[in-house]
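Now for the letters of each chain:
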Amino acid sequence: MAITGVAGSIGSRLAARLASRTGDVRVVGVDSQPLQSQFGAELRRGDLRTDDVVAMLQGVDVVAHLVSAFDPRRDGLESASLDIEMVRRLLAAVSEAGVSGVVLMSSAMVYGAWPNNPVPLREDALLRPNPGFSFAAHKAEVERLAAEWHADNPDVRLVVLRPVTAVAAGESSWVARTLRAAVTVAAGDDDPPVQFLHLDDLASAVELAVLGNLAGAYNVAPNGHVSAARVRRLSGMVPWLRVSPQVASWLARFRWRWRLAPTPPGVVPYTRFPWVVSNERLRDAGWVPHHSNEECYVDSHHAKPWAITTSSVMQRRSLAVLVALVAIGLGIAIGAMTRARRAASPPLP
């Protein structure tokens, strides 16, 4: 099998997982970045946008396409066009190279964040990315392109994964950083539930998609969700400004234009309305997430000193505070008793 973007956070994890198997999987790593031999993979350096993709896929039966050219720091439409062209060239090469399976990485953001979204969203929900947020729109276009290609190539197994915000200790995607920065300005009175996925769990989902018999679209998310208020307590962060949605959009455009924050204007709805997804279909296929929403957020976020982390930490902190208060109370009581005895004792001759 081949992994595009093998040097990335997900690709390197997937390669390591496959290498830990008993040698029944031959891994080919493809990346435009300088590569070092690791994970027992055969490494093929190349750029999917310009190089011979058919040559990169020779001898490969399944390809996991994990690399993306999308860069929010550039013009979103320009980088999205590059990404879509890369997918188009990859799919054309798959047909020519005789590859039997393709796994594409999309995003749960393709559903859009809307006030009438069901909680949770399932895979058969309409794809309604919010206008103005080019990342979600371009992922939806990638899915449309792949579906169109698959209609002409029905014998090739196609899997589309739609993960929620993926994080890990010391690793945070631009989407995670964007959403984190965006919540400092609260739009209206909305407080939607959120989800955080560990990169290790995402890599295990890709592994199942590559080696299993999955076909179609699958949401990738931990079990359940967590409230935005809970996230703020976990981080010790509160919105420093609560404004109307119109003002929040204007502020997002202003901060984005002058590079004051990594918050493209179109991301505002994703902080106002729910886009929580169900993982039931993927779990039914055998996938099991090993990290909760809270664990993922705490693991990836540098909380303020006063932040609440987990329920067990809360209990320990509460116990510590109680012990401290008892100790202070005992000290005050002992001091009062000592002063009372001294006051009651007759003076020495």
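Please refer to the structure higher up on the page.
No experiment lies behind these values; they were computed from the predicted model shown.

(A) Region of interest: helix α11 (residues 293-300). Those residues of α11 that fall on the buried side of the exposure criterion are N293, C296, Y297 and S300. Projected onto a plane normal to the axis of α11, the buried residues spread over an arc of 95 degrees and lie on a single side.

(B) Examining the packing of helix α1 (residues 9-19) against helix α6 (residues 199-211) more closely. With their axes 9 Å apart at the nearest point, α1 and α6 run at an angle of 60 degrees to one another. Between α1 and α6, the angle is such that the two are oblique. The chirality of how α1 crosses α6 is right-handed. Listed contacts from α6 to S9, I10, R13, L14, R17 and L18 of α1 are L199, D200, L202, A203, S204, V206, E207 and L211. In terms of residue class, the contact of α1 with α6 is made up of 8 nonpolar, 2 polar and 4 charged.

(C) Structural context of the pattern of salt bridges. Tallied over the entire structure, the rule returns 10 salt bridges. For the salt bridge of D200 with R13, the shortest nitrogen-to-oxygen distance reads 2.7 Å. A residue pair is termed long-range when its members are at least 10 positions apart, and D200 in helix α6 and R13 in helix α1 qualify at 187 residues. The exposure class assigned to D200 is partly exposed, which follows from its relative accessible area of 33%. Judged by relative accessible area, R13 falls into the buried class, the value being 17%. Note that E148 is salt-bridged to R144, the shortest N-O span being 3.1 Å. Pair noted here: E148 and R144 are both in helix α4 (residues 134-152), with a separation of 4 residues, about one helical turn. Exposure remark for E148: the relative accessible area of 46% places this residue in the partly exposed category. Among the ionic contacts, a cluster of salt bridges with common partners joins R26, E42 and R44.

(D) α4, seen in detail. An ideal rise of 1.5 Å per residue puts 27 Å on 19 residues; α4 measures up with 27 Å between its terminal C-alpha atoms. Where α4 is concerned, the buried positions are F135, A136, H138, K139, A140, V142, E143, L145, A146 and W149.

(E) Local environment of the nonpolar core. Counting residues in each nonpolar core, the largest one holds 48 residues, and the members touching the most others are I3, L161, L202 and V206. Of all the secondary-structure elements, those providing two or more residues to this core are α1, β4 (62-65), β5 (101-105), α4, β6 (157-163), β7 (166-168), α6 and β12 (216-220). Looking at which element gives the most residues to this core, the answer is α6, with 6 residues. If we skip the residues at most four places from it in the chain, I3 touches G11, L14, A15, L18, V27, V28, G29, V30, A64 and L66.

(F) Focus on the side chain of S278. With respect to the secondary-structure elements, S278 resides in the loop between α9 (269-272) and α10 (280-284). At 3.1 Å, the side chain of S278 and the backbone nitrogen of E280 are in polar contact. Leave out the neighbours within four places in its chain, and S278 touches P120, L121, R122, E123 and N219.

(G) Highlighting the side chain of N117. Here N117 shows up in the loop between β5 and α4. Residue class for N117 comes out buried when judged on its relative accessible area of 8%. Of note is the side chain of N117, whose polar atom sits 2.9 Å from the side chain of R128. Those residues in contact with N117, other than ones at most four positions away along the chain, are G112, R128, P274 and W275.

Procedures and definitions
Residues numbered from 1 in each chain as written. Predicted model: local features only at pLDDT ≥ 70, side-chain atom pairs only at ≥ 80, totals over all residues. Heavy atoms only, no water. Buried < 20%, exposed > 50% of the residue type's maximum accessible area, 1.4 Å probe, protein only. Helix = DSSP H or I, 4+ residues; strand = E, 2+ residues; numbered from the N terminus. Arc of directions from axis to C-beta. Axes fitted to C-alpha atoms, helices over the stretch in contact; angles between N-to-C directions. Parallel < 35°, antiparallel > 145°, perpendicular 65-115°, else oblique. Left-handed = near helix turned anticlockwise from the far one by under 90°. Contact = heavy atoms within 4.5 Å. Nonpolar A, V, L, I, M, F, W, Y, C, P; charged D, E, K, R; others polar. Salt bridge = Lys/Arg side-chain N within 4 Å of Asp/Glu carboxyl O. Expected span 1.5 Å × (residues − 1). Core = buried A, V, L, I, M, F, W, Y, C linked by side-chain atoms within 4.5 Å. Polar contact = N/O pair within 3.5 Å; in protein donor to acceptor, adjacent residues only side chain to side chain.

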